[in-house]
Amino acid sequence: MKQTIQTTCPYCGVGCGITAQVDAAKHQVEIKGDASHPANFGKLCSKGSALGDTVSLQGRLLQPLIHGQPTDWTSALDLVAERFQHIIKTHGADAVAIYGSGQLLTEDYYVANKLMKGFIGSANIDTNSRLCMSSSVSGHKRAFGSDTVPNCYEDFEHAELIILIGSNAAWCHPVSFQRIRAAKALNPALKVVVIDPRKTASCDIADLHLPIASGGDAILFNGLLQYLHQQNCVNKAYIAAHTEGFEVALTATADFSVEQVAKRCRLEKTAVEQFYTWFAGIEKTMSLYSQGINQSSSGTDKVNAIINCHLATGRIGKLGCGPFSLTGQPNAMGGREVGGLANQLAAHMDFLKPEDIARVARFWNSPAIAQKPGLAAVELFDAIYDGKVKAVWIMGTNPVVSLPNADKVKQALQRCEFVVVSDCIANTDTTALAQVLLPAQGWSEKDGTVTNSERCISRQRALFKPAGDAQPDWWIITQVARRMGFAHAFAYQSSVDIFSEHAALSGFENNGLRDFDISAFATISAHAYEQLQPTQWPVNQNHPEGTKRLFADGQFFTASGKAQFIAITPRLPVNSLDADYPLVLNTGRLRDQWHTMTRTALATKLNQHRPEPFVEIHPQDAERYGLLPGCLASITSKWGSMLARVQITETQQAGNLFVPMHWTEQYASRGRMGALVNPVFDPLSKQPESKHTPVRIEVYQPAWTGFILSREAISVNDVDYWVKINHEQGFGYELAGGTLLEDALTWTKQHLSPEQADDKHWQSYVDAGKGVFRLARIDNLQLHSLIFISTQNPLPERNWLISLLAQPTLSASERQALLLGLPPVGTPDVGAIICACFNVGAKTIGTAIKERGLKTYQEVGQCLKAGTNCGSCVPEIKALL
């Protein structure tokens, strides 16, 4: 019997609601968007739609491990508590640390921060959210006196100008992007501007694309502030009544004429003028920004340069107008609420205010609350590398992949005296370095709350019983806290106990002095918590149903109650290009993958669109460096190197490269982007500069290339370059060898099936003169595995061959065509996957367009369903049209 459960998506910060049809007996779930949830109204992206394919026990960490050996919870928890206590006693509280994640639920985050800051007495607890939104936090606090997102998603429908700044929302926040697309369809007067060095999929709906020079955002918005002043388009009454610092901020923009801005940002003057004219003349303006702004050594200044323009026009917190930070993770906002960053206290309180430190200490009855900020992410792992931090507990994240200068992070954990990792996945680049592994519950098992980009608190509910011995993160932390002598403060029995305490702290001695206030939930019952509906904070006595927008009344949380203009002096990225490293490396996310692929790679449909690490490069640069489409390239910075498949495209600026962030050593031998990225960070937000690293690129010329398809996972670690791809009925491996195989036949049989030496199982084709070697193993007419190797010629497309793995038997014509790599005449070949939601390939779409005379992407959707779910593939469908 199936049960219907409402929960939330564990991916980006949109915070989509999900309606899950759960079959507990079969451990299966059907996923649909929750039509009643205000974040998505039933829409889901390709990743969210595929969540049902990720709930198996494949790859799960199911029991505690000490030095790789199974143990029980008591032994593991005793060891963690004992080692932390010993190191604290010997070296002090700052010798230990916690590194958390925006994947944690708010309740998990709360108890981790309470333990570290309130009872261990150190603020050395930071989070991977440092990498995605801490510049927004710093910018908000400088301007508003609080970390407040003023507006809500509903404003997308009311805006008449939407500016996407450093955000490929079409891929990174696809549900919100489709909401904007729909709003534009209903209101053709709505203008959309995309400000991004790349011509991304988001430009599909853009009226204007500004391909800004890397790092030029503050220049552009300083120029906008000056233009607004010159054109007498500032709101003088609002400025006088509700702000401070305008004249100083304006003076800092004196030299930013349209001509100067265009020159410094490498933009057409007419394009800059058009953008400025629209902003000046359109009242209902939304500025949506994301990692292209935040991930910068001057990210905080960029945020404030944007906010300055909204303050100057009085367009903030009102219907259809305001600055809006698109948060990267499902609960990065919840982490901010509980003090998840090392420079924060719980409930949006601050180490800079002694009264806040004392207030939290009183509420927690804390014996030794931290008195100063702790180490932020990059600083923290530097301190681990240097031996200053001797024990670290990593929760639900993979810093060996995601942090900049990732090879140093790996070395830091290898040096560290004591490493604990709580995770739901057994094998990651980070769990490989842990002395103690603690099995945490994953999505579909966890129960608690999350907060999305518009301040909306939603319930994430359990769909299944926990796998193996997995426990909630809050329970694991609480058990360690009790063993360290803090049982009286960590007596929680359920997540609702934690949530109600969190809510009570938010209202404690608040009196309207802080933005974050959910005190209406301080006495919430277990039943009410279970039934909790999506609600935007603040939620208190004055706003019992929540609050959509803040600051419309012109009242802010600064000492004066007025918003602060910040004078901005634009700074270019810290690391300049030179003869050795002449190219800018930009990094980011893909449409169908998430972070380090521990969950998304389990959904085979999500691996088809971009199956390998790749680098996008402009045709001019490709020609300059001798790169051909589909060849392998070596990319090197001062900090590390990687290999990637070349994609030549004019959507990339000359002089710039783009590489996605997702691949790990679990899925690629040399695909970790983090190894390349420089560790420079913003001095205020401590957020790394992941969008600008000087690199060089050159052809990687292997002795041979090849690929394997197999029903069973195999090891190819002896190959210089390999990428593992999960398919529906097996696995794919893309290969490249630095040296020739002395005996390809023996090597192949050893890797594909060492137990099968009988030649009757094998079908082979070898042409030594052309450097071709192909071998397939067929058991009872079923394809078990195959390998194609070439030293000279291109390899065939994989799609038809991959489809053969799903077939119970091969026909005679298929067996004959197998080693040719081409489907028999009349056999459909879908081509490269375009639509992951419905598994529709480019050749299928192309055939339909040609044979049925399709003219629009809507007609393609009606015919094939492609583009009708998340809509992320619409730009590619339009390109095919």
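Residues numbered from 1 in each chain as written. Predicted model: local features only at pLDDT ≥ 70, side-chain atom pairs only at ≥ 80, totals over all residues. Heavy atoms only, no water.

A.B. asks: Quick one: what's the story with the packing of aromatic side chains, residue by residue and with numbers?
C.D. replies: For the coordinates displayed, the defined rule picks out 27 aromatic pairs. Note on tyrosine 153 and phenylalanine 156: the rings are 5.8 Å apart at their centroids and 50° apart in plane angle, and the pair reads as tilted. In this structure tyrosine 153 comes out as buried when scored by relative accessible area, which is 1%. With centroids separated by 5.1 Å and ring planes inclined at 65°, the aromatic side chains of phenylalanine 246 and phenylalanine 565 adopt a geometry described as edge-to-face. Taken together, the residues span a long stretch of sequence, with phenylalanine 246 in helix 10 (residues 246–251) and phenylalanine 565 in the loop between strand 22 (563–564) and strand 23 (583–588) at a distance of 319 residues. Here phenylalanine 246 falls in the buried class, since its relative accessible area comes to 10%. One aromatic cluster is present, built from ring pairs that chain together Phe221, Tyr227, Phe275, Tyr276 and Phe279. Here the basic side chain of arginine 198 rests over the ring of phenylalanine 658, its NZ or CZ set 3.6 Å away from the ring centre. (Phe/Tyr/Trp six-rings, centres within 6.5 Å; stacked < 30°, edge-to-face > 60°. Buried < 20%, exposed > 50% of the residue type's maximum accessible area, 1.4 Å probe, protein only. Helix = DSSP H or I, 4+ residues; strand = E, 2+ residues; numbered from the N terminus. Lys NZ or Arg CZ within 6 Å of the ring centre and 35° of its normal.)

A.B. asks: Let's hear about the environment of isoleucine 384: which residues, and what values?
C.D. replies: Examined against the element boundaries, isoleucine 384 turns out to sit in helix 17 (residues 377–385). The class for isoleucine 384 is buried, based on a relative accessible area of 1%. With 31 residues separating them along the chain, isoleucine 384 and arginine 415 place their C-alpha atoms 7.7 Å apart. Sequence-distant contacts of isoleucine 384, defined by excluding residues within four places in its chain, comprise Val389, Val392, Ala412, Leu413 and Cys416. (Contact = heavy atoms within 4.5 Å.)

A.B. asks: Quick rundown of the sheet that holds strand 20 (residues 456–460)? Include the residues and the values.
C.D. replies: Two modes of strand pairing occur in sheets, parallel and antiparallel, and in both the strands are linked by backbone hydrogen bonds. Pairing is antiparallel across the open sheet formed by 3 strands, whose spatial order is 19-20-21. Each edge of the sheet is formed by a strand with only one pairing partner; in this case those strands are strand 19 (448–451) and strand 21 (535–536). One ladder, built from 4 bridges, connects strand 19 with strand 20; its direction is antiparallel. When the sheet's bridge partners are listed, threonine 451 is paired in strand 20 with isoleucine 457. (Pairing = 2+ DSSP bridges.)

A.B. asks: I'd love a proper account of the sheet that holds strand 6 (residues 96–100), names of residues and values included.
C.D. replies: With mixed pairing, 7 strands are arranged side by side in an open sheet as 5-4-18-17-16-6-7. Each having just a single partner strand, strand 5 (69–70) and strand 7 (125–127) make up the two edges of the open sheet. Bridge count between strand 4 (residues 65–66) and strand 18 (residues 436–439): 2 bridges; the pairing is antiparallel. Its bridge partner being in strand 18, leucine 65 is matched across the sheet by leucine 437. Contacts from helix 20 (residues 473–486) reach strand 16 (391–395), strand 17 (418–423) and strand 18 within the one sheet, and its direction differs from that of strand 16 by about 155°. (Axes fitted to C-alpha atoms, helices over the stretch in contact; angles between N-to-C directions.)

A.B. asks: Any details on the domain arrangement of the protein? Residues and values, ideally.
C.D. replies: Once the domains are mapped, the protein shows domain 1 (3–54), domain 2 (65–132 + 331–536), domain 3 (134–325), domain 4 (583–700), domain 5 (704–817) and domain 6 (833–880). One C-alpha centre belongs to domain 2, the other to domain 6; they are set 44 Å apart. (Domains from an automatic or database assignment.)

A.B. asks: Which residues make up the pairing of strand 18, and what values do they have?
C.D. replies: Covered by surrounding structure in strand 18 are Val436 and Leu438 together with Leu437 and Pro439, the residues of both alternating faces. Judged from the 4 bridges that link them, strand 17 and strand 18 form a sheet pairing that is parallel. Within the sheet, the bridge partner assigned to aspartate 423 lies in strand 18 and is proline 439.

A.B. asks: An account of the packing of helix 3 (residues 106–120) against helix 20 is requested, with residue identities and associated values reported.
C.D. replies: For the pair helix 3 and helix 20, the least separation of the axes is 8 Å and the interaxial angle reads 20°. The pairing of helix 3 with helix 20 is recorded here as roughly parallel in orientation. Judged by the twist between their axes, the crossing of helix 3 over helix 20 is left-handed. Residues Glu107, Asp108, Val111, Ala112, Leu115, Phe119 and Ile120 of helix 3 lie in contact with helix 20, whose contacting residues are Asp473, Trp474, Ile477, Thr478, Ala481, Met484 and Phe486. Of the residues that constitute the contact of helix 3 with helix 20, the class distribution is 10 nonpolar, 1 polar and 3 charged. (Parallel < 35°, antiparallel > 145°, perpendicular 65-115°, else oblique. Left-handed = near helix turned anticlockwise from the far one by under 90°. Nonpolar A, V, L, I, M, F, W, Y, C, P; charged D, E, K, R; others polar.)

A.B. asks: Hey, could you go over helix 11 (residues 258–265) for me, with residue numbers and the actual values?
C.D. replies: Within helix 11 the residues assigned to the buried category are Val258, Val261, Ala262 and Cys265. Along the long axis of helix 11, the arc covered by the buried residues comes to 100°, so they all point the same way. Elements in contact with the buried residues of helix 11: helix 8 (217–230) and helix 12 (269–281). Two residues or fewer past helix 11, arginine 266 is found with a positive phi of approximately 55°. (Arc of directions from axis to C-beta.)

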